[in-house]
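Examining the three-dimensional arrangement
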Amino acid sequence: MPRFIARLLPQLLVLLAHPVQADEVGVGRLAPECRLQALGESPGLALSNYRGKVIYVDFWASWCVHCGPAFRFLNALETEFRDAGFAVVGVNVDERENLALRFLDRNPARFAVAADVSGRCPAAFSVAAMPSSFLLDRDGVIRRVHVGFRERDVQARREEIRRLIMGSVPDGADR
């Protein structure tokens, strides 16, 4: 079993036994600072470099069934809202870079991607499933948490981003 999954398994079991409340995952709190490693030809990055923008931080893995469809949505978001001060940051959690790069060959990203093989960043965000996404306001405060990806939620997520870009504050966790 990959180390990352082994580290997340106890958290997942706790989540199944005790549903997560929004404040437990950081909604309304400043997002953790993460310094992420380069992935392929993509440069490494720090989330703090995006202050002043609305950010959609998406944790993904090559083995994640719903991450491919999520990438199509994330590409569309990046294109639609980029000029309004919005950015998508994809954080890969695979232990082996070649697996992540193979995934990116099949699911190209038009947004920033980096990696965290250490698992520190997903742990800091209390990531319990793939994909998990966090919508951050311009000050780096977590405003929405989404676990998993469902096509039926796409329009609601777009509206959350639109409202946040315009200065309204959506909050809460989506389970």
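Up top you'll find the structure we're talking about.
This text gives an overview of the structure that appears in the document. What you see as residue numbers is a count from 1 along each chain, following the sequence as written. The predicted origin of the model limits local features to residues at a pLDDT of at least 70 and limits the giving and counting of side-chain atom pairs to 80 or more, whereas totals for whole chains, interfaces and linings rest on all residues. Excluded from the side-chain calculation are hydrogens and water; included are all heavy atoms of the structure.

**Some details on helix α2 (residues 67–81)**
- Compared with an ideal rise of 1.5 Å per residue, which puts 15 residues at 21 Å, α2 spans 20 Å between its outermost C-alpha atoms and is within 8% of the ideal.
- Contact between two residues is taken to exist if any of their heavy atoms lie within 4.5 Å; hydrogens are not considered. Each helix corresponds to a stretch of at least 4 residues labelled H or I by DSSP, and each strand to a stretch of at least 2 residues labelled E; elements are numbered beginning at the N terminus. Contacts from the buried residues of α2 go to β3 (54–60), β4 (86–92), α3 (97–106) and α5 (154–165). Multiplying 1.5 Å by the helix residue count minus one yields the expected span of that helix.

**A closer look at the pairing of β3**
- When a residue's accessible area, from a 1.4 Å probe over protein chains only, is under 20% of the maximum for its type it is buried; when over 50% it is exposed; and in between it is partly exposed. Within β3, 7 of the 7 residues are buried, which leaves the element mostly enclosed by the surrounding structure.
- As defined by bridge partners, β3 adjoins strand β6 (residues 132–136) across 5 bridges and the pair is classed as antiparallel. Across the sheet, the residue bridging to Asp58 is Ser133, located in β6. Note: two strands are recorded as paired if DSSP finds a minimum of 2 bridges between them.

**Looking at the state of the cysteines**
- Here, the term disulfide refers to a pair of cysteine sulfur atoms separated by no more than 2.5 Å. Following the criterion strictly, the structure yields 2 disulfides and no others.
- Disulfide pairing places Cys64 opposite Cys67 at an S-S distance of 2.3 Å. Since a negative S-S torsion denotes a left-handed disulfide, the Cys64-Cys67 link at about 90 degrees is right-handed.
- A relative accessible area of 6% means that Cys64 is categorised as buried.
- If one numbers only the bonded cysteines of the protein chain, in the order they occur, the disulfide pattern is 1-4, 2-3.

**Here we look at the pattern of salt bridges**
- Criterion for a salt bridge: a side-chain nitrogen of Lys or Arg within 4 Å of a carboxyl oxygen of Asp or Glu. Going through the model one piece at a time under the given rule, you end up with 7 salt bridges.
- Of the charged contacts, one joins Arg162 and Glu80 as a salt bridge, the two residues approaching to 3.2 Å between their closest N and O atoms. Taken together, the positions of Arg162 in helix α5 and Glu80 in helix α2 put the pair 82 residues apart, joining distant regions of the chain.
- For Arg162, a relative accessible area of 30% corresponds to the partly exposed category.

**Things to note about the environment of Phe73**
- As for its position among the elements, Phe73 is in helix α2.
- Using a relative accessible area of 5% as the deciding quantity, one classes Phe73 as buried.
- Taking the C-alpha atoms as reference points, Phe73 and Phe149, 76 residues apart in sequence, are found 9.6 Å from one another.
- Those residues in contact with Phe73 that lie beyond four places of it in its chain are Tyr56, Phe149, Val154, Arg157 and Arg158.

**Here we look at the packing of α2 against α5**
- Direction vectors running N to C along α2 and α5 enclose 30 degrees, while the axes themselves pass 12 Å from each other. Relative to α5, α2 is oriented roughly parallel. Here α2 runs over α5; the crossing is right-handed. Note on element contacts: α5 touches α2 through Val154, Arg157, Arg158, Ile161, Arg162 and Ile165, opposite Phe73, Ala76, Leu77, Glu80 and Phe81.
- Residue classes in the contact of α2 with α5 are distributed as 7 nonpolar, no polar and 4 charged. For helices, the axis comes from a line fit to the C-alpha atoms of the stretch in contact; other axes are also lines fit to C-alpha atoms, and the angle between any two N-to-C directions lies between 0 and 180 degrees. Comment on the angle field: the value is read as roughly parallel under 35 degrees, roughly antiparallel over 145, roughly perpendicular from 65 to 115, and oblique elsewhere. Crossings are assigned a handedness: left-handed for a near helix turned anticlockwise from the far helix by less than a right angle, right-handed for a clockwise turn. All residues other than Ala, Val, Leu, Ile, Met, Phe, Trp, Tyr, Cys, Pro, Asp, Glu, Lys and Arg, Gly among them, are scored as polar; the first ten of these are nonpolar and the last four charged.

**Observations regarding the side chain of Asp137**
- Structurally, the position occupied by Asp137 is in the loop between β6 and β7 (142–147).
- We classify Asp137 as buried; its relative accessible area is 9%.
- Within 3.5 Å is the distance limit for a polar contact, defined as a pair of N or O atoms, with the added protein rule that one can donate a hydrogen and the other accept it, and that residues adjacent in sequence qualify only through two side-chain atoms. A polar atom in the side chain of Asp137 sits 2.9 Å from the backbone nitrogen of Asp139.

**Quick word on the side chain of Glu78**
- With respect to the secondary-structure elements, Glu78 resides in helix α2.
- By relative accessible area, which is 10% here, Glu78 ends up buried.
- When sequence neighbours within four positions are dropped, the list of residues in contact with Glu78 reads Phe86, Ala87, Val88, Arg110 and Phe111.

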